[in-house]
Amino acid sequence: MTLTGLQLGLYALGMAGLWAVPGPVWVALLARTLSGGFASAWPLAVGVTLGDCLWPALAIFGMGWVLGLYGDALVVLRWGAAVVFALMGVMLIRKSGALMGADSKLTKPGRLAGFLVGVAAVIGNPKAILFYMSVLPGFFGDLSKLQALDITAILAISVAVPLVGNLVLALFLDRVRTLLAAPERVQMLNRASGALLILVACVIPFV
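Predicted, not measured: the structure shown is a model, and the values here were computed from it. (Residues numbered from 1 in each chain as written. Predicted model: local features only at pLDDT ≥ 70, side-chain atom pairs only at ≥ 80, totals over all residues. Heavy atoms only, no water.)

*Asks:* Please explain the environment of I129 as it appears in this structure.
*Replies:* Here I129 is to be found in helix α6 (residues 126-140). The spatial distance from the C-alpha of I129 to the C-alpha of L58 is 9.9 Å, given a sequence separation of 71 residues. (Helix = DSSP H or I, 4+ residues; strand = E, 2+ residues; numbered from the N terminus.)

*Asks:* Explain the pattern of salt bridges to me, please; I cannot follow it from the model alone.
*Replies:* Once their charged atoms are close, side chains differing in charge can pair, the charge on each being opposite to the other. Following the criterion strictly, the structure yields one salt bridge and no others. The closest approach of N and O atoms between D174 and R175, which form a salt bridge, is 2.9 Å. (Salt bridge = Lys/Arg side-chain N within 4 Å of Asp/Glu carboxyl O.)

*Asks:* What's the story with the environment of G138 in this structure? I'm lost.
*Replies:* Mapped onto the secondary structure, G138 falls in helix α6. You can call G138 exposed: its relative accessible area is 68%. The spacing of G138 and Y11 is 127 residues in sequence and 9.5 Å in space, taken between C-alpha atoms. (Buried < 20%, exposed > 50% of the residue type's maximum accessible area, 1.4 Å probe, protein only.)

*Asks:* In this structure, what is going on with the packing of helix α1 (residues 5-20) against helix α7 (residues 148-175)? I would like to understand it.
*Replies:* Each packed pair of helices is defined by two parameters, the angle between the axes and the distance between the axes. Between α1 and α7, whose axes approach to 9 Å, the crossing angle comes to 40°. In this structure, the crossing between α1 and α7 has a hand that is right-handed. Here L8, Y11, A12, M15, A16 and W19 of α1 lie close against α7, whose contacting residues are A153, I154, I157, S158, V161, P162, G165, N166 and L169. A breakdown of the residues in the contact of α1 with α7 according to their chemical character gives twelve nonpolar, three polar and no charged. (Axes fitted to C-alpha atoms, helices over the stretch in contact; angles between N-to-C directions. Left-handed = near helix turned anticlockwise from the far one by under 90°. Contact = heavy atoms within 4.5 Å. Nonpolar A, V, L, I, M, F, W, Y, C, P; charged D, E, K, R; others polar.)

*Asks:* Explain α1 here, please?
*Replies:* Given 3.6 residues to a turn, an α-helix orients residues that are three or four positions apart in the same direction. Over its 16 residues, α1 extends 23 Å from the first C-alpha to the last, a length consistent with the 22 Å expected when each residue adds 1.5 Å. If you check which residues of α1 are buried, you get L8, Y11, G14, M15 and L18. Buried residues of α1, seen end-on, are gathered within an arc of 115° and therefore sit on one face of the element. Exposed residues lying more than 90 degrees from the buried face of α1 are G5, L6 and L13. (Expected span 1.5 Å × (residues − 1). Arc of directions from axis to C-beta.)

*Asks:* Looking at this model, I keep getting lost on the nonpolar core. Mind explaining?
*Replies:* Side chains that are nonpolar tend, in soluble globular proteins, to be buried together. Judged by nonpolar contacts, the single largest core of 23 residues is most densely connected at Y11, M15, Y132, L136, F140, L146 and I154. Of all the secondary-structure elements, those providing two or more residues to this core are α1, α3 (38-69), α6 and α7. Ranked by residues supplied to this core, first place goes to α6 with seven residues. What Y132 contacts, discounting residues up to four positions off in sequence, is Y11, M15, L18, D52, W55, P56, A59, P137 and S158. Formed by 14 residues, the second largest nonpolar core is a distinct cluster that contains L30, L44, V117 and V122. (Core = buried A, V, L, I, M, F, W, Y, C linked by side-chain atoms within 4.5 Å.)

*Asks:* What is the right way to look at the packing of helix α2 (residues 24-36) against α7 in this model?
*Replies:* Orientation of α2 relative to α7, taken along the N-to-C sense of each, is 35°, at an axis distance of 9 Å. Seen along the crossing, α2 lies across α7 with a hand that is right-handed. From α2, V25, W26, L29, L30 and T33 reach across to α7, where they touch N166, L169, A170, L173 and D174. Here the residues of the contact of α2 with α7 are counted per class, giving seven nonpolar, two polar and one charged.

Bear in mind that shape data such as this cannot, by itself, settle questions of function.
Below is the structure:
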């Protein structure tokens, strides 16, 4: 194993920062927890781990090299992510009162449905794509020199940190669900989340 504990620790902190930035997973987790409680949300958190394992693996096994060869791809990726986040924020604000409806795809009952929502949310998450393809190499340098144990450690951290964060968030939302049950409170929370997404969109192109 070539990586040091310091490198892995810094990467874990970076993952925690990534998780703390609102994105599609937060929106889906909020919707499912408020509609069905923790029992409805934990399958989503498990589904998210599939993407959290896929994206760093792609970064390690070649996509980082592609972005390094075609530098303009990273610029396009940044601005594309910014546009997606801005649109998500606007939609969340405009439809803040309707997102938790019973007909929402995000709140479809069932463990399999929750798992699939989690997979879809993270696979198409521009925040995750941008982080893994552009920031991950900065933690570990030349990814082609990583050994099997190094890769295993990186993937384990990539999965564990957001999984724990999502489960804790879902548990917290489940505890305060009755306080958020009023439509006006849900609307206010969604508007705040939408504003945060727009703020993230304004920052992404310059980080």
